[in-house]
2 protein chains.
Amino acid sequence: MEVLLEEPEVSTRPHRGLTKKECTQHLMPIQDALYVVSGKWKLPIIIALRERNTRFSELQRAVTGITARVLSKELKDLEQNEFVVRKVYPTTPVTIEYELTAYSETLDAVIIALHDWGLQHRERILKRTERE
Amino acid sequence: MEVLLEEPEVSTRPHRGLTKKECTQHLMPIQDALYVVSGKWKLPIIIALRERNTRFSELQRAVTGITARVLSKELKDLEQNEFVVRKVYPTTPVTIEYELTAYSETLDAVIIALHDWGLQHRERILKRTERE
DNA sequence: TATACTGCTATCCTTTTGGATACGGAGTGA
DNA sequence: TCACTCCGTATCCAAAAGGATAGCAGTATA
């Protein structure tokens, strides 16, 4: 899993005083961010973690429908992005806890923006389908 | 392509005074929003459209690497979400123009949030890889 | 002794997404 | 007439994402 993406190429014309280069430079961080939150399970897992579900099997129950394979992979991704720390306690048997980091909270602005937009979009679509 | 998603199920515990139901209700709009901006080409196309590339072949040149098949499909999606209108002018041969709607600008807050977060994330990762 | 739970990994399979290539009719220019 | 552009569609394929199932070592429980 790559964390930084390559520069995509878009367009040739300036826009609002931005050169092509500036536009595509804007695109890269956007795609980095999207990479981090998109996919079927990333946000459900983060939400489950916020609700203090910390252990693997607990998470698997909380995020209904996810398989161990996928949960394991997603947790590794979240760890790599430093949203989660994996703590191993030498009990018998070992206890493993996944905890959200302070850094994971920086995502809040993104999540809120997505949420607000999504909410009005959903309402818009429902109204539209009513009309039809 | 579905526009509204099903309610996902996550977790069982309350969090910050929110019930389970409230949490998952938050998730739905987020996933609606993600649905609209994620994928390889959606944002590059929107950016190209903002730069006044309106015609099909123009878009295909502007968004380098996209094939006609995929561009065609993405434009249909964008139309369905009411980000784009397809206008047909009865010239000979017909001229077809894709134009962004005013509604497409409501995405700006989301795009900016993604951009800002992505930018600092990228810097964070670059610093981290320097240290190693 | 048998069964179950924990925290996974391995293997294989399906679905989704996107890419390659070819082709289409209609028009335009040499 | 030949070649080229425009705006796509159709068919087939490859890669990525995700799902199903099985298993495993260690411990606890019945």
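These figures come from a predicted structure and were not determined experimentally.

Explain the pattern of salt bridges here, please?
Two side chains with opposite charge may pair up if their charged atoms get near one another. Residue and element names in this part refer to chain A. Counted under the stated rule, the structure contains 16 salt bridges over all chains. One salt bridge in this structure joins Lys-73 and Asp-77, with 3.5 Å as the shortest N-O distance. Residue Lys-73 and its partner Asp-77 are located together in helix H4 (residues 68–80), separated by four residues, close to a single helical turn. In this structure Lys-73 comes out as partly exposed when scored by relative accessible area, which is 44%. Given a relative accessible area of 7%, Asp-77 falls into the buried group.

Even after reading the chapter, I still don't get the relation of the copies chain B and chain A, so can you show me in this structure?
Relating one copy of the chain to the other takes a rotation about an axis and a shift parallel to that axis. Overlaying chain B on chain A yields an RMSD of 0.1 Å, the required transformation being a rotation through 180 degrees with an accompanying axial translation of 0.0 Å. Both copies are brought into coincidence by an operation consistent with a two-fold rotation axis. With an isologous cut-off of 70% or more, the 100% of interface residues of chain B that recur at the interface of chain A puts this contact in the isologous class.

Sorry, what's going on with the pairing of strand S1 (residues 84–89) of chain A here?
A regular strand carries its side chains on alternate faces of the sheet. Residues and elements named next belong to chain A. Relative to strand S2 (residues 95–100), S1 is paired through six bridges, and the arrangement is antiparallel. Residue pairing in the sheet places Lys-87 in a bridge with Glu-97 of S2. A loop of five residues connects S1 with S2, the two strands running antiparallel in sequence.

Would you take a moment to explain the protein's contact with DNA strand D for this structure?
Of all residues adjacent to DNA strand D, which total 19 residues, the nearest are Lys-40 and Arg-69 of chain A together with Ser-72, Arg-86 and Tyr-98 of chain B. Here the atoms of DNA strand D within 4 Å of the protein split so that 62% fall in sugar or phosphate, with bases taking the remainder. Take Trp-41 of chain A: an N or O atom from its side chain is 2.9 Å from a phosphate oxygen of DNA strand D. The separation between a base oxygen of DNA strand D and a polar side-chain atom of Arg-69 of chain A is 2.7 Å. Of all the secondary structure elements, the ones that give two or more residues to the surface near DNA strand D are H4 of chain A together with helix H3 (56–62), helix H4 (68–80) and strand S2 (95–100) of chain B. Its residues placed into classes, the surface near DNA strand D shows six nonpolar, four polar and nine charged.

Calculation criteria
Residues numbered from 1 in each chain as written. Chains lettered and ligands numbered in written order. Predicted model: local features only at pLDDT ≥ 70, side-chain atom pairs only at ≥ 80, totals over all residues. Heavy atoms only, no water. Salt bridge = Lys/Arg side-chain N within 4 Å of Asp/Glu carboxyl O. Helix = DSSP H or I, 4+ residues; strand = E, 2+ residues; numbered from the N terminus. Buried < 20%, exposed > 50% of the residue type's maximum accessible area, 1.4 Å probe, protein only. Least-squares fit on C-alpha atoms with pLDDT ≥ 70 in both. Contact = heavy atoms within 4.5 Å. Pairing = 2+ DSSP bridges. Near = heavy atom within 4 Å. Polar contact = N/O pair within 3.5 Å; in protein donor to acceptor, adjacent residues only side chain to side chain. Nonpolar A, V, L, I, M, F, W, Y, C, P; charged D, E, K, R; others polar.

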